[in-house]
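# Architecture and fold: a report
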Amino acid sequence: MHGFAGQLDLRKLSGVAFMKGWGIVGIAMLVGCLNLAGFPFSAGFFSKDQIIAESFVQLGPGYQWIGWILLITAGLTAYYTFRVFFRVFIGPKYFEPGDEVHAHDDHGHGDHGHGDHGHGDHGHAGHGEHGREEAAHFHPHAPGWAINLVLATLAVACLAAAGTAFLNTDEHGWVGHMVHGSSANYTGAAAFLEAAPAHEGAEAGEHAAHGMFLGQNPHEVMYYVSSVVGLLGIAAAFYLHYMGRTTAATSKADALVPALGPIPKWAQHKWYVDEFYNAVIVLPLRVLSHVFHTIDRLLVDGLVNLAGATPRIIGSRVRPWQNGQLHGYAVGMAGGVAVLVAAVVLLSL
Amino acid sequence: MTLALLMLVPLLTALVVLCAPASRARLVALTGTLLALVIAGFALMAFDWNYSAHPGQLGLSLAWLPKLGLNFALGVDSIALWLIALTALLGPLCVLGSWTAITENQRTFFAWLLVLQAAMTGVFAARDLVLFYICFEFTLIPMYVLISVFGSTNRRKAAIKFFLFTFTGSLIALAGLLYVVWFTKRYSGAWSFDIAILTDWAHRMSGPEQGLVLLAMLAGFAVKVPLFPVHTWLPLAHTEAPTAGSVILAGVLLKLGTYAIYRFVLPFAPAAVVAYAPAIAVLCIIGIIYAGLICWVQTDVKKLVAYSSVSHLGFCVLGLVALNSVGLTGSVLYMINHGLSTGALFFLVGFMYERYHTRSMRELGGLASKMPIWATFMVFFAMASVGLPGLNGFVSEFLCMLGTFQADKSWGSGMPGATWGVLGPWFAAFAATGVIIAAMYLLYMVGRMCFGPLVEPGGHGGHGAHAGHSGHAAHEPEGALPADLTAREVGVLLPLAALCLGLGLFPTPLMNSIAEPISQTVRLVQAASGGVSPVEHAASDETVPVLAEVSR
């Protein structure tokens, strides 16, 4: 994405893997996608598979639900990762550079074409009015050896980690040990669980020592079920985003949008989680902070200033009495004497 | 003797600065402070770390008013020594940091800066109560001058408020301290102002007496820290002070308050501290959250850092009133760490101000593209201040909260690691929200100032071309500074950054070096307040083996 000037829109890139210098990126992407999708015998397959199986194994309310949710999510993951692969990396070659070239902030949401954007209103000379022309002027820079090395290392590590699954006995080092608990080696895990005293409860006698998946042993079945789910996801992505696609911007998936109602819009706004946090946490805190700041300036500091001002206020009230007029002082003195005499007389009564 | 030198060298340098030509003032000041730093280095080597709790090391004692038991007595334990080292370190950095910022009255500025350093050293080095108090109060005068003469627009008001507020508080504290002296005279028969002797007697005061003494002392020291309701002088003073003044204020002057609480409030009125600890802790926590949230809505970046000090010092005092060695260790580390990281933040803000003449975050932004070195340091010290693990702030903040968490009476016996105290998990939980808030406002500041689109005031280049050039132009060939930090400015920040990283990764040597005086204080407080007997506590506490009362 960096090579295309920060282009993040899936609809504006296509067939990248076939472009010059992008081969390694394409292969690494495929390996990564296979991993994330939990394609059979990839490293991601073993870890995901084990987690799902364990959640079916657990007894207790809710665990079955968690298992199903995980399974569905696994399918979705396979779908959306391969959607990226099918759209961006293979298919007809096409690209449109991102915003970092022309400082334009319209990402082109929705289904309107890119042709009507007012590109090139400032910035780089020579960029045409329309995306297609612009693309002709823009030369994406393919990743250098540094990025390729990193990608290759990661991809090789993924494959190597998967490879160890076939060595899943105790004697094969730490990776083998990690994979040991996978359902690929379900007998071991099941034996462990059956031995665990926590599971001997089996309150419902007709159940086996652990939970079931559609009446089967989850460890055994999940091996296949998760593979099928993953492949289904990939197939869906293939059908909707690759088959018969001739342009970057459209695919069969677009036909589904009206049928899904408001869901695509919600998803585009990340289910409004950010907005929710903003309204429930950030905004009230922000308001509270302003309130505190005002309190601090007016009330807390105001009291301090009041304490500081008190002597001055008293002074300004008392000052007029010191007016230098002797008879004024004499009257004051006489009054004082009168008060004292009165007090003495009253007290002695 | 070393300590006397540490006070004398800055004082004499101040005299030389006044006699020297104005153009040489900063050079003389730099020489003097560097000399003091070297002496501080020698002091660290000469100090006998095996007796780190002995309060009279490296000292001297001259009879002053023998009839009243007044002595010019200096001496340090390891805690005081570290704080003196911090003071000595900040000295030359402040001179270097003010190299170009101060263009007029340079002699006045540097002379007062040096006097201030001598006074602060005296506070930590004093073994005599009157000497302590004189130094404690004397810090006000140089600071008053620095703010009122060299500060920014609102400097007079800030200086007067700073002076009157802290001075009023200190007078009440003096009353409390003198009551302790009088009490000691009445029961021991002789006048003495020796802090060690007073510590021996003071905790025998009755509960109500202790309560009053505690409140009187806190009236002075809490203002200095500053704790929540009496903090309002600080944002103003910090914001208006010149850069070096803000650095000293955050780095050392605030620590005078926490140090005084550690040195006097805890041992003089232990039973009252136990009684009042929850109340003090509540004030700390209010301060942490309240000041932290206020930070978040500041537009003046210097005010933001200033309010962050209020928030951070809340952790420091919270650790103190946890009254266990974990909390106290965290608190003492906090004093040092906060001085390093917040001092550095003030330097950064100052360097930026020298270039742009504004501190408003509305007029500044995305400076990383213009000042990459500055931005790098900004991110680093903001992270240190947030408490990113691996940097110094984390260690002390974590220990303060851990100490608070463990300081639970009801929990104490059953739980592993729980120690005696009157706070507990709830206090720690509320204080911990302060860490999140700190991350919020500091990252907000960094994001605003360093990243995003470049915003500069008024569209001009923003180079600090000083308009008012003043008569003595010899040392100021051209007022303009380069866009990014100069080697001199990097030289100011680099030692602080190195210490932040060093103390973040390897805090153990420092922690061990202060463990013994802390465990003595903890035992004194807990024994005097009837919490746990000293023997029992020594067995349960995980500090290093405790020496017998070497301090006597």
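Residues numbered from 1 in each chain as written. Chains lettered and ligands numbered in written order. Predicted model: local features only at pLDDT ≥ 70, side-chain atom pairs only at ≥ 80, totals over all residues. Heavy atoms only, no water.

This brings us to the overall build of chain B. Of regular secondary structure, chain B possesses 20 helices and two strands. Here chain B holds 552 residues, and 63% of them are scored as buried. The long-range fraction of contacts in chain B, counting pairs at least 24 apart against all pairs at least 6 apart in sequence, stands at 78%. Split by element, the accessible area of chain B, about 18600 Å² in all, is 70% carbon and sulfur. (Helix = DSSP H or I, 4+ residues; strand = E, 2+ residues; numbered from the N terminus. Buried < 20%, exposed > 50% of the residue type's maximum accessible area, 1.4 Å probe, protein only. Contact = heavy atoms within 4.5 Å. Areas by Shrake-Rupley, 256 points an atom, 1.4 Å probe, with all protein chains shown as cover.)

What follows covers the overall build of chain A. The number of helices and strands found in chain A is 12 helices and two strands. When its helices and strands are written in sequence order, chain A yields β-α-α-α-β-α-α-α-α-α-α-α-α-α. Relative to its 349 residues, chain A shows a buried fraction of 32%. At a minimum sequence separation of 6, the contacts of chain A that also span at least 24 residues come to 68%.

With that settled, the discussion passes to the side chain of Q210 of chain B. All names here are of chain B. With respect to the helices, strands and loops of the structure, Q210 is situated in helix α9 (residues 207-224). Overall, Q210 belongs to the buried group, its relative accessible area being 2%. With residues up to four places along the chain from it excluded, the contact list for Q210 reads A202, H203, M205, F268, A269, P270, A271 and A272.

This part covers the interface of chain B and chain A. Contacts between the two partners involve 14 residues from chain B, matched on the other side by 14 residues from chain A. A buried area of about 1400 Å², summed over both sides, lies between chain B and chain A, and 64% of it is on carbon and sulfur atoms. Mapped onto the side of chain B that touches chain A, the elements with two or more residues apiece are α7 (155-188), α12 (270-296) and α17 (425-450) of chain B. In terms of residue count, the dominant contributor to the side of chain B that touches chain A is α12 of chain B (four residues). Broken down by class, the residue content of the side of chain B that touches chain A amounts to 10 nonpolar, three polar and one charged. (Buried area = accessible area lost by both parts, 1.4 Å probe. Nonpolar A, V, L, I, M, F, W, Y, C, P; charged D, E, K, R; others polar.)

A separate point is the environment of S309 of chain B. Residue and element names in this part refer to chain B. Within the element layout of this structure, S309 appears in helix α13 (residues 301-321). Note on S309: relative accessible area 0%, which makes it buried. Not counting residues within four places of it along the chain, the set of residues in contact with S309 comprises L234, H238, A250, L254, H338 and T342.

Turning our eyes to something else, we now look at the environment of R26 of chain B. Residues and elements named next belong to chain B. Turning to its location among the elements, R26 is positioned in helix α2 (residues 25-46). You can call R26 buried: its relative accessible area is 9%. In this structure, the C-alpha to C-alpha distance between R26 and V492, residues 466 residues apart in sequence, is 15 Å. Within the structure, R26 has its side chain in polar contact with the backbone oxygen of W99 (distance 2.7 Å). (Polar contact = N/O pair within 3.5 Å; in protein donor to acceptor, adjacent residues only side chain to side chain.)

All right, on to α17 of chain B then. With 26 residues, α17 of chain B extends 37 Å from end C-alpha to end C-alpha; this agrees with the ideal 38 Å at 1.5 Å per step. Of the residues flanking the end of α17 of chain B, it is G452 of chain B, one or two places downstream, whose phi is positive at about 85 degrees. (Expected span 1.5 Å × (residues − 1).)

Moving on: the packing of aromatic side chains. Scanning all chains against the criterion turns up 24 aromatic pairs over all chains. What links up through ring pairs into an aromatic cluster is the set F132, F136, F221, F264 and F268 of chain B. Here the basic side chain of R286 of chain A rests over the ring of W296 of chain B, its NZ or CZ set 4.7 Å away from the ring centre. If you follow K224 of chain B out to its NZ or CZ, it ends over the ring of F136 of chain B, 4.8 Å from the centre. (Phe/Tyr/Trp six-rings, centres within 6.5 Å; stacked < 30°, edge-to-face > 60°. Lys NZ or Arg CZ within 6 Å of the ring centre and 35° of its normal.)

Residue and element names in this part refer to chain B. Between α9 and helix α11 (residues 243-268), the shortest axis-to-axis distance is 8 Å and the interhelical angle comes to 170 degrees. As summarised for this structure, α9 and α11 are arranged roughly antiparallel, according to the angle between their axes. Between α9 and α11, the contacting residues are Q210, L214, M217, L218, F221 and K224 on the first element and L253, L254, L256, G257, A260, I261, F264, V265 and F268 on the second. (Axes fitted to C-alpha atoms, helices over the stretch in contact; angles between N-to-C directions. Parallel < 35°, antiparallel > 145°, perpendicular 65-115°, else oblique.)

This next bit is on unusual backbone geometry. Residue and element names in this part refer to chain B. For the bond from V225 to P226, the omega torsion is -5 degrees, close enough to zero to count as cis. In this structure, P226 sits in the loop between α9 and α10 (233-240). Positive phi is not limited to glycine here, since L323 has a value of about 60 degrees. If you trace the backbone, L323 turns up in the loop between α13 and α14 (325-356). Accessibility expressed as a relative area gives 2% for L323, which makes it buried.

Before going further, it helps to spend a moment on the pattern of salt bridges. Oppositely charged side chains can form a pair if their charged atoms are brought close together. Residue and element names in this part refer to chain B. In total, this model carries seven salt bridges over all chains according to the counting rule given. Of the charged contacts in the structure, one is a salt bridge between R263 and D77, with a shortest N-O distance of 3.0 Å. Here R263, found in helix α11, pairs with D77, found in the loop between β2 (70-76) and α3 (78-97); they are 186 residues apart in sequence, far enough to count as distant. Taken individually, R263 and D77 each receive the classification buried, so the pair is uniform in this respect. (Salt bridge = Lys/Arg side-chain N within 4 Å of Asp/Glu carboxyl O.)

Attention now moves to the pairing of strand β1 (residues 57-65) of chain B. All names here are of chain B. Sheet topology places β1 next to β2; six bridges connect them, and they run antiparallel. Bridge pairing in β2 links L60 to L74. Taking the residues between adjacent antiparallel strands as the criterion, β1 and β2 are bridged by four residues, where G69 takes a positive phi near 70 degrees. (Pairing = 2+ DSSP bridges.)

In this section: the nonpolar core. By size, the foremost hydrophobic cluster in this structure holds 198 residues, and its most contacted members are F221, F264, W374, F381, M445 and M449 of chain B. Residue contacts for F264 of chain B: discarding those within four places in its chain leaves L129, F132, L177, I195, M217, F221 and A269 of chain B. Core analysis: the next-biggest nonpolar cluster, separate from the first, contains 13 residues, M19, W22, C33 and A78 of chain A among them. (Core = buried A, V, L, I, M, F, W, Y, C linked by side-chain atoms within 4.5 Å.)

Let us look at the confidence of the model for chain A. On average, residues of chain A score 67 in pLDDT, and 48% of them reach the 70 mark or higher. This stretch, residues 102-136 of chain A, has a pLDDT under 50; its non-local contacts, to residues over four places away or in other chains, come to 47 contacts. (pLDDT = per-residue confidence, 0-100.)

Residues and elements named next belong to chain B. Mapped onto the fold, A88 is located in helix α3. Taking relative accessible area as the criterion, A88 reaches 2% and is therefore assigned buried. On a C-alpha basis, the gap between A88 and A498 in space is 16 Å, while along the polypeptide they are 410 residues apart. Beyond its immediate sequence surroundings of up to four residues, A88 is in contact with A36, L37, A40 and Q117.

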